[in-house]
Each structure stands twice: as C-alpha cells, then as structure tokens.
Amino acid sequence: MDRVELLAPAGDLEKLKAAVDYGADAVYFGGSMFSLRAGAGNFSEEDMRRGVSYAHERGVKCHLTLNIFPHNEDIVPIEDYLDRIKDIGIDAFIVSDPGTVLTVMEKVPEAEVHLSTQANMTNAKTAQFWKDIGVKRIVLARELTLGEIAEINRSVDIDTECFVHGAMCISYSGRCLLSNFMTERDANRGMCAHPCRWKYRLEEEKRPGQYYPIEEDDRGTYIMNSGDLCMIEHMADVIGSGVSSVKIEGRMKSMFYVATVTQAYRRAIDAYYEDPEGYAVDPSWLGEVKKVSHREFTTGFYYDRPTNKDQNYRTSEYTRDYSFVGKVLSYDSDSGIAEVEQRNKMLEGDEVEIFGPGAPFFTQKITGMRNEEGELIDAAPHPQQRVTMKTDRPVAPGYIIRKKKGEKNGCES
C-alpha cells in the first residue's frame with residue numbers, strides 16, 4: 001500500500017535537521033518573505049539551499065510556505081523572489097491565494113503546488129476545481145471530519161493532507177482579523193500576535209475598574225482559547241480516511257518539540273504499516289508528546305464538532321513538565337564522554353533523559369561535568385554553554401537531553 005507521508009515543521013535550519021533526523025518524510029518551512037509565520041526563524045536563501053541539500057541527501061522532500069494573501073504591491077516582489085529561489089530544488093510550494101498559485105506554476109513549473117489550509121477547502125466540488133487548475137495536493141481545512149475527508153478522497157483523485165498535531169486556531173482555518181484590529185499586525189500576511197491567547201475580563205462602560213467573570217454554561221464560554229490537536233492515538237482512522245500526508249504544526253516551536261513529536265508519530269505510522277490488522281496504540285507515544293510544552297489535547301473536528309472541553313476553555317496556560325536542557329554535539333566512544341550544548345540550566349546530580357533518532361530514551365545522572373577549559377563544574381547556567389559529561393550508553397550528535405521538572409535540582413524552561 002502507499003504509505004502516508006509524515007510532514008514536520010522546520011522553523012529554522014536546526015529544526016529542519018532535527019525533523020529529518022527524527023523521521024520526517026518531508027519538511028515544510030518559510031522563507032524570509034511571504035510566509036504566514038513571520039515570527040518563526042525562517043530561512044534566508046542561503047540557509048534554504050543548505051536545508052534542501054541536507055534533506056534531499058537523506059531522501060526527504062522540502063515544501064516552502066508561500067501562503068500570505070498578497071496585495072497589489074506584493075505581486076512583483078513575489079515574482080522576483082521566485083526567480084531567485086527557483087533553482088534551489090523546492091519540491092512543493094504551499095500557497096493559499098489563486099493568483100500566487102498561477103505565479104508559482106509560471107515561475108517554477110517543475111515544482112508541485114499544494115493548496116494551503118488557509119484556502120478553506122471543505123468539499124469535493126472545490127477539490128475538483130483546484131485539481132483542474134493543476135494543484136497537486138490540498139491541505140484540507142481543519143473543520144472537516146474524518147468521514148468528510150474520506151468522501152473527498154473517494155470523489156476526487158488528488159493528494160490530500162491534514163493536520164494531526166499542534167496548535168489550533170479558533171478562526172475558520174486561520175482566517176483571522178483579530179490581530180490586525182488589536183495590534184495592527186496582519187495574521188493573513190504573517191504577523192499574527194495571537195490575541196486569542198490573551199487573558200480577558202469583562203468591564204462595564206459605566207463601572208470602570210470593576211471586572212466581571214465570564215460565565216460558562218453547558219454550551220461553553222465562547223472565549224477564544226483552543227486545545228492542542230493530538231491524533232497520535234487515532235492514526236489508524238486518519239490513515240484509513242485516505243489522506244496522502246499527515247502534518248505536524250509548529251514552525252515556531254523548539255527543536256525539542258520537533259524532534260520529540262516527529263519521532264512519536266514516526267513510530268505510530270510505522271507500527272500501523274507493519275501490521276494494519278493487528279495495529280494497537282502504544283501508550284508511550286502519547287507519553288512522549290506530552291513531554292513537550294502543550295495545551296490540553298483535543299481531536300478537533302475529526303469525530304464531531306468541538307465541545308466546550310475542546311475549542312473553548314478557561315486558560316491559555318501550557319503544560320510544561322519537561323525542559324529541553326541540552327543537545328549532544330559529539331561523542332567519544334572510547335571514553336564514553338559526550339560534548340553537550342546546554343539549552344537550559346544543567347546541574348551536577350541532575351537526573352535527565354537522553355534520546356536520539358530511532359533510539360528510546362534512557363535515564364542518566366549528570367556526573368563529572370566539565371566546562372570548555374576542562375574544569376569540573378557544578379552547574380552549566382549559561383545558554384549554549386558547551387560542557388562534557390559521561391553517559392552510561394553511547395550517544396551521537398543530535399541526541400537530546402531533557403529534564404523532568406520537580407526532580408532533584410530542577411531547572412527552568
């Protein structure tokens with residue numbers, strides 16, 4: 001059978017390499033212009049060349065987001081931008097605007113055009129329209145059920161892609177004006193300030209300074225926070241709907257997030273194809289994705305309309321049970337010493353977990369930590385400080401070290 005593609009986010013070059021190393025079949029990223037995630041690190045043209053080369057050498061495809069809704073003054077700059085990057089080897093462009101779709105087809109005819117979820121594609125008739133124009137893949141609107149997705153796939157011979165993990169937007173497929181209204185930062189041109197995550201209280205005009213609670217009934221509170229999508233326990237249903245690609249949200253998330261979530265979904269997908277009939281969910285997959293910063297999980301619209309426990313809830317707080325404390329840079333197999341780039345505070349005696357591409361985590365106590373001068377140290381408090389430490393098991397460059405909060409010598413995220 002054709003295997004579903006696992007598509008992972010790459011906010012910058014380091015995250016792209018993490019996504020590739022930890023099991024993605026394809027990665028998506030934004031350039032320095034015309035992406036709806038201007039807050040992500042994004043890619044200069046030189047980094048884009050390096051990233052595409054790294055991915056292609058390992059058999060991984062590269063999708064570039066070009067999904068703003070352009071105004072007249074954006075058209076010529078988009079054309080010039082495409083002229084500059086068309087020889088890089090981008091496999092697909094993720095586009096939401098019909099004019100930009102035509103521009104990409106004219107400028108980079110060898111690349112695929114994928115319709116962004118921002119285009120709100122929700123039915124088979126519209127899917128056929130985009131297929132007839134020449135679009136290769138449709139990133140489905142997040143408001144579809146799995147049943148609706150299956151019906152579209154039965155009706156139209158076109159690749160489809162759906163989100164399976166990450167932040168949800170309370171606006172219809174992300175078409176939001178709130179950020180523009182409140183901060184003059186246009187979400188549809190890449191500058192969303194996420195005001196839907198802010199804390200709000202009610203104040204009556206004639207009673208300044210007196211704040212009133214937002215009351216909740218059995219239909220919800222109608223406030224703007226959404227849970228995070230998580231379908232890792234339902235991948236058999238997702239694959240069974242006939243989608244060609246499953247997508248992890250998170251270009252603005254950390255390398256730790258990208259590596260952890262990508263590897264968990266890689267395991268879930270591989271387990272399905274190894275034995276579709278006997279497929280069973282491994283509880284450790286959910287346990288892994290819970291170790292990255294997240295809001296309460298929801299299955300979104302896939303089984304039914306979200307309830308007040310999914311789309312509307314009373315806090316925008318994250319669960320942060322683990323901290324990303326370091327990345328392995330090198331390893332000496334003779335001495336068992338790893339060189340580590342510190343990302344959050346590390347202390348002598350900390351109990352940490354270490355994992356790598358394709359490798360389950362193991363628990364390690366930090367002992368004998370030394371700085372770059374070879375001196376024994378009790379703490380590595382400075383971001384990106386390089387230290388050495390002994391590990392009980394072999395590791396390799398790119399392995400990640402995480403620390404559970406609340407343990408001895410707990411560290412901050």
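Preceding block: the structure.
Every residue gets a number counted from 1 within its own chain, in the order that chain's sequence is written. In view of the model being predicted, local features appear only for residues whose pLDDT reaches at least 70, and side-chain atom pairs are presented and counted only at 80 or more, with totals across whole chains, interfaces and linings using the full set of residues. The side-chain values count all of the structure's non-hydrogen atoms but skip hydrogen atoms and water molecules.

Q: Please explain the overall build of the protein as it appears in this structure.
A: Note on conventions: DSSP H or I runs of at least 4 residues are helices, E runs of at least 2 residues are strands, and numbering of each starts at the N terminus. When its secondary structure is counted, the protein shows 10 helices and 20 strands. Relative accessible area decides the class of each residue, using a 1.4 Å probe on protein chains only: under 20% of the type maximum gives buried, over 50% gives exposed, and in between gives partly exposed. Within the protein, the proportion of its 413 residues that are buried is 51%. For the protein, contacts bridging at least 24 residues in sequence account for 68% of all contacts bridging at least 6. Only the protein chains shown count as cover for residues, and the accessible areas themselves come from Shrake-Rupley with a 1.4 Å probe. Surface summary for the protein: the accessible area is close to 19,400 Å², and the carbon and sulfur share equals 47%. Any two residues whose heavy atoms approach within 4.5 Å are treated as being in contact.

Q: Help me understand the sheet that holds strand β16 (residues 351-356) in this model?
A: Think of a sheet as strands paired side by side through backbone hydrogen bonds, with each pair either parallel or antiparallel. Here 6 strands make up an open sheet; going across it, the order is β17-β16-β20-β13-β14-β19 and the pairing antiparallel. Looking along the sheet, the strands with just one partner apiece sit at the ends: β17 (359-365) and β19 (386-390). Shown here is a sheet whose adjacent strand axes are inclined to one another by a mean of 35 degrees, direction ignored. Pairing of β16 with β17, which is carried by 5 bridges, proceeds in the antiparallel orientation. Considered in β17, the bridge of Val352 is made with Gln364. Criterion used throughout: strands pair if DSSP finds at least two bridges between them. What counts as an axis is a line fitted to C-alpha atoms, over the stretch in contact for a helix, and the angles between N-to-C directions run from 0 to 180 degrees.

Q: I'm lost on helix α5 (residues 124-133) in this one. Help?
A: Given 3.6 residues to a turn, an α-helix orients residues that are three or four positions apart in the same direction. Residues adjacent in sequence count toward polar contacts only when both atoms are side-chain atoms; beyond that, a polar contact is any pair of N or O atoms within 3.5 Å, and within protein one must be able to donate a hydrogen and the other to accept it. The N-terminus of α5 is capped by Asn123, whose side-chain oxygen sits 3.1 Å from the backbone nitrogen of Lys125. Phi turns positive, to about 120 degrees, at Gly134, one or two residues after α5.

Q: Explanation requested: the packing of helix α1 (residues 13-21) against helix α2 (residues 45-57) in the structure shown.
A: Describing two packed helices takes the angle between their axes plus the distance from one axis to the other. Between α1 and α2, whose axes approach to 10 Å, the crossing angle comes to 10 degrees. On the basis of the axis angle, α1 is roughly parallel to α2. In this structure, α1 uses Leu13, Leu16, Lys17, Val20 and Asp21 to contact α2, whose residues at the interface are Asp47, Arg50, Gly51, Tyr54 and Ala55. Residues that form the contact of α1 with α2 fall into these classes: 5 nonpolar, 1 polar and 4 charged. Small angles under 35 degrees read as roughly parallel and large ones over 145 as roughly antiparallel, with 65 to 115 read as roughly perpendicular and the rest as oblique. Just so you know the grouping, Ala, Val, Leu, Ile, Met, Phe, Trp, Tyr, Cys and Pro go in nonpolar, Asp, Glu, Lys and Arg go in charged, and all remaining residues, Gly too, go in polar.

Q: Please clarify how the environment of Leu82 should be interpreted in this entry.
A: Along the chain, Leu82 falls in helix α3 (residues 72-85). Look at Leu82 and you get buried, because its relative accessible area is 0%. Along the sequence, Leu82 and Lys107 sit 25 residues apart, while their C-alpha atoms lie 6.5 Å from each other. In this structure Leu82 touches Leu66, Phe93, Thr103, Val104, Lys107 and Val108, once residues within four positions along its chain are discounted.

Q: What is the right way to look at the side chain of Lys247 in this model?
A: In this fold, Lys247 is placed in strand β11 (residues 245-248). Owing to a relative accessible area of 5%, Lys247 belongs among the buried residues under this scheme. There is a polar contact of 3.3 Å between the side chain of Lys247 and the side chain of Glu161.

Q: Before we go on, may I ask you to explain the packing of aromatic side chains in this structure?
A: Here a ring pair, both rings aromatic, is described through the centre-centre distance and the interplanar angle of the planes. Any two rings among Phe, Tyr and Trp, with Trp reduced to its six-membered ring, count as a pair given centres within 6.5 Å; such a pair is stacked if its planes are under 30 degrees apart, edge-to-face if over 60, and tilted if neither. Inspection of every chain in the model, using the stated rule, returns 7 aromatic pairs. When the ring of Tyr272 is compared with that of Tyr273, the centres are 5.2 Å apart and the planes differ by 85 degrees; the resulting orientation is edge-to-face. With relative accessibility at 13%, the residue Tyr272 sits in the buried group. Overall, Tyr273 belongs to the buried group, its relative accessible area being 13%.

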